[in-house]
Every structure is written in structure tokens, then in C-alpha cells.
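Tertiary structure, described
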Amino acid sequence: MRSCELAVNHKLQGPELNKELIAVCNALIDTWKEARFDDIEVSTISGGISNALYKISIRDESVVPKSIVLRVYGDNTEKFIDREEEVKTMSTLHSHGFGPHVVGTFHNGRIESFLELTCLDPDDIARDMFKYDIARTLARFHLISKAWEPPTTLPTPFERVKEWLHTAKQLDFSDNERHMKLLEKIDVDAVLEEVDMLSHVACQLDSPAVYAHNDLLSGNIMVDVKDGRVNQMTFIDFEYADWAPRGFDLGNHFCEYAGFDGDYSKYPEQANEFIKAYLEVYHGGRGVPTQEEIARVVKEANLFSLASHLYWAAWGILQAKWSSIDFDYMEYATVRLDEYYKRKSGFIDACNRL
């Protein structure tokens, strides 16, 4: 894998941006060394709120690769993400059939192979046509780590949330009155208490440790559909992938039914069939999971969906300060916290009855 020290300023537009994109492609792709401005087509890939993504294609049909994805890391995302570790993770997961190949890296981004697949939309992940394949694919993803040695001290989403919230307390939002008022409404100290409480409840579930995606939103699920059926499915974007309780990946995915608009009326109230499909693969096809086990894992996922709300609320606060991407992160944080408090009692009470 090649690397260079060039950088791309994603705030540029038009020809100025394209010049920087072409320079990186020249440096990292051997067959594109002589490519110039008129030789390529650039389009923006939408759907992410952490990075800037571009599909770049070369017009010469004889050149391979024909298209690539160029990812420019969002400002300050290195404070969330270990980029070197992410690239290693991508290489490992690609060898197991997940995600693109990393072509090369540059100062503030990387080039990936372009997958001839389609990203799902938020409404898609609730459709029968896709959701059971998502369940089975997620189980296969989790099974990869069965051959790996987990860390001695297993990190949990709760530890990361606490770290982010303590960082949030040190940030100065005085340059943005609206953000400052929203942060006061959030009450970071109160959220820290919720994290400790929820962590204690979650420990009682003994959710198995897996190497988890941790960000399985619709845009990170890619498919090939033929004749009305899913012919291929894979996951992409492993920025937040890490060891975590299985329930966190499940609950986090269920939260993504709401999309970025935060319509949590779409949260799957009846997830038994999804969990059944997941467990059938997770257990290696050894028997049919019992209704009791299915009900228990549904409650596990629901409880960890609360952790997902805390996780992305904390993330949103930091992004509101650091990111230059046009997205209302602070509003997103408040929406996630509102849903946490709305669901809290019901999901915790259900777990206490296990």
C-alpha cells in the first residue's frame, strides 16, 4: 500500500478541489500517473457526516481501476479515530469479505477501491427484503473475531462515552450562543451519571464480547440486488469498529432505523425475527434458537440501544465544536438524549425482569 504526504482541502470547490484530488490520485495510483484535469470525472458521495467522500472515475476505458473512492477525513476526527489502526482493520476485514481494499493513504485521507454496489437508505433497513440479510451478515461479521484474542481489558462503549463527555466539559462554546444554550440543557454531569447507571445494568446481561462495527447505519450497508433478491451484501466504514458487547452493535443498528432525521417511531418494536435470523448464523447453524433466547437477546439489544443514544450524543457535542461539515451536531445530540430518556425506563425494566 502506497502513501504520500499530500493533503486535500475539502472546503475547496470546483476546479481548485479537483486539482488537489487529481494530484493525490497521480501519486498513489500507478495507472493514473499521467491523468490530468480533463481525464477524470468527480462526484460527491453523500450519506456520511464524518468525512468528505468523492467518487473519481477515469474516462479512458482501458485503464484499471476505472473508479476509486477518495475519502478526506473530517476536521479533528483523529481525536475520535486512530486512522492507522483503522487502515489495519480495513485490510483484515477485507480479507474476510467485508469492505473495500485500501489503495493508499495521504496526509488527511485515503483512496479505496470502488465497490460496484448500492448503499441502502434508512427506510430500506426495515424492509423484509433487506433486514434478515443484514441480521445474517452482522452475525458473520461478529463471528470473524471468534478466532481473535480479545484485549485483556475489554473496552466498552461506556468508557468511550465518559471520555468524550469529560472532554466536552472542557470545550468553550462561547462563540456560539445557540450551542451554549443547548449544552446547558443537556447537563453533561447528569449524563455522566446516566452512563454509570446504565453501565451497571448492562454488566448484568453478560453480553458476549465481539469485534463490532459500532456504526451500522444504512449508508454503511452495501448491496447488489438482482431479480428482486439480495445477491451480495457487505459493510463499509470501520472508523468506530472495536471490541464491544454484542448488544451494542444490535441496539445501535436498531436506532439507525430512525435515520439522521431522528424519527424514532421507526425503532423496531418487534425485532424477534431479526434476532432469530442473527442467532441462527451466530450459532453456526447448530439448531434453532429458542424463543426464550430470542426474547433475551431482543432485550439485550434494546438496553444497549440506550448506550447508543449516549454514545452518539457525546460524539455530537464534540463534533459541534470541531467539525466543519454542514450538519447540526448539537441538535443531533439533544435528539439522541431525548430518545434515551424516553426509552430508558421501559428498556431497563424489561432487563430487570430477565
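To be clear, the structure that these remarks concern was listed above.
Read on for a plain summary of the structure.

What counts and what doesn't
- The residue numbers shown here count from 1 along each chain, following its written sequence.
- Owing to the predicted nature of the model, reporting of local features is limited to residues with pLDDT of at least 70; listing and counting of side-chain atom pairs is limited to 80 or more, with chain, interface and lining totals taken over all residues.
- To get the side-chain values, all heavy atoms of the structure are used, and hydrogens and water are removed first.
- To obtain each axis, a line is fitted to C-alpha atoms, and for helices this fit is confined to the stretch in contact; angles are then taken between N-to-C directions over 0 to 180 degrees.
- For the purposes of this entry, the term helix denotes a DSSP run of H or I that reaches at least four residues, the term strand denotes a run of E that reaches at least two, and both are numbered from the N terminus.
- Oblique is the label for every angle not falling under 35 degrees (roughly parallel), over 145 degrees (roughly antiparallel), or within 65 to 115 degrees (roughly perpendicular).
- Left-handed is the label given to a crossing in which the near helix is rotated counterclockwise from the far helix by less than a right angle, and right-handed is the label when the rotation is clockwise.
- Note on definitions: a residue-residue contact is assigned when non-hydrogen atoms from the two residues lie within 4.5 Å.
- Throughout this entry, Asp, Glu, Lys and Arg are counted as charged residues, while Ala, Val, Leu, Ile, Met, Phe, Trp, Tyr, Cys and Pro are counted as nonpolar. The remaining residues, Gly among them, count as polar.
- Think of it in three bands: with a 1.4 Å probe and only protein chains considered, a residue is buried below 20% of the maximum accessible area for its type, exposed above 50%, and partly exposed in between.
- When DSSP finds two or more bridges between a pair of strands, those strands are recorded as paired.
- Here, a disulfide means two cysteine sulfur atoms that sit within 2.5 Å of each other.
- Put simply, a salt bridge is a Lys or Arg side-chain nitrogen that is within 4 Å of an Asp or Glu carboxyl oxygen.
- Pairing of aromatic side chains here covers Phe, Tyr and the six-membered ring of Trp, requires ring centres within 6.5 Å, and sorts the geometry by plane angle: under 30 degrees stacked, over 60 edge-to-face, intermediate tilted.
- Counted as over-ring charges are cases with an Arg CZ or a Lys NZ within 6 Å of the ring centre that also lie within 35 degrees of the ring normal.

Two elements in contact, helix α5 (residues 177-186) and helix α10 (residues 329-352), have axes whose closest approach is 10 Å; the angle formed by their N-to-C orientations is 20°. Judged on the interaxial angle alone, α10 and α5 are roughly parallel. Handedness of the α5/α10 crossing: left-handed. Within the contact between the two elements, α5 uses R178, H179, L182, L183, K185 and I186 and α10 uses M330, E331, A333, T334, L337 and D338. Looking at side-chain class alone, the contact of α5 with α10 contains six nonpolar, two polar and four charged residues.

So, about unusual backbone geometry. Omega for the peptide link from V64 to P65 comes to 0°, which places this bond in the cis form. Look at D227: it is not a glycine, yet its phi comes out positive at around 55°. Of note, D227 is situated in the loop between β9 (221-226) and β10 (229-235). Using a relative accessible area of 81% as the deciding quantity, one classes D227 as exposed.

This paragraph deals with the sheet that holds strand β3 (residues 51-58). Picture the strands of a sheet paired through backbone hydrogen bonds; they go either parallel or antiparallel. Read from one edge to the other, the open sheet built from six strands follows the order β1-β5-β6-β4-β3-β2, with strand pairing classed as mixed. A strand with exactly one partner marks an edge of an open sheet, and here the two such strands are β1 (2-3) and β2 (40-45). The sheet contact formed by β2 and β3 spans six bridges and is antiparallel. Residue pairing for β3: I40 is matched across the bridge by I58. In the packing of helix α1 (residues 14-28) onto the sheet, the strands contacted are β1, β2, β3, β4 (67-73), β5 (102-106) and β6 (109-113), and the crossing angle to β5 comes to about 120°. The sheet contacts of helix α2 (residues 83-95) involve β3, β4, β5 and β6, and relative to β6 the element is tilted by about 10°.

Here we take up the sheet that holds β10. Pairing is antiparallel in the open sheet, where three strands are placed in the order β7-β9-β10. Each edge of the open sheet carries a strand with a single partner, namely β7 (118-119) and β10. By the bridge criterion, two bridges tie β7 to β9 in an arrangement that is antiparallel. Counted as the bridge partner of T118 is V223 from β9. Strand contacts of helix α3 (residues 128-144): β9 and β10, with the helix running at about 40° to β10, the strand carrying the most contacts.

Another aspect to go through is the environment of K185. By secondary structure assignment, the location of K185 is in helix α5. Considered as a pair, K185 and T334 are 149 residues apart in the sequence and their alpha carbons are 8.4 Å apart.

Attention now goes to the state of the cysteines. Enumeration according to the criterion identifies zero disulfides in this entry. In this model C4 remains outside any disulfide bridge; the closest cysteine sulfur is found in C25, 9.7 Å from its own. Residue classification places C4 among the buried residues on the basis of a relative accessible area of 15%.

A pair can form between side chains of opposite charge whenever their charged atoms are brought close. According to the stated counting rule, one finds 28 salt bridges in the structure shown. The salt bridge partner of R110 is E86, with a shortest N-O separation of 2.9 Å. Of this pair, R110 sits in strand β6 while E86 sits in helix α2, placing them 24 residues apart in sequence. This pair shows no difference in class: R110 is buried, exactly as E86 is.

The tally for this structure, following the rule as stated, stands at 26 aromatic pairs. Their ring planes at 85° and their centres at 6.1 Å tell us that Y211 and W243 sit as a pair that is edge-to-face. With Y211 in strand β8 (residues 209-212) and W243 in strand β11 (residues 242-245), the pair connects residues that are 32 residues apart, well separated along the chain. Each member of the pair, Y211 as well as W243, carries the same accessibility label: buried. With a centroid separation of 5.1 Å and an interplanar angle of 70°, the aromatic rings of F327 and Y329 are classed as edge-to-face. Taken together through their ring pairs, the aromatic side chains of F80, W164, Y240, F248, F260, Y311, W312, W315, W322, F327, Y329 and Y332 make up a single cluster. Sitting over the face of the ring of Y73, R83 holds its NZ or CZ atom 3.7 Å from the ring centroid. Cation over ring: R246 sits above Y282, and NZ or CZ is 5.3 Å from the ring centre.

Taken by themselves, the reported measurements are silent on function.
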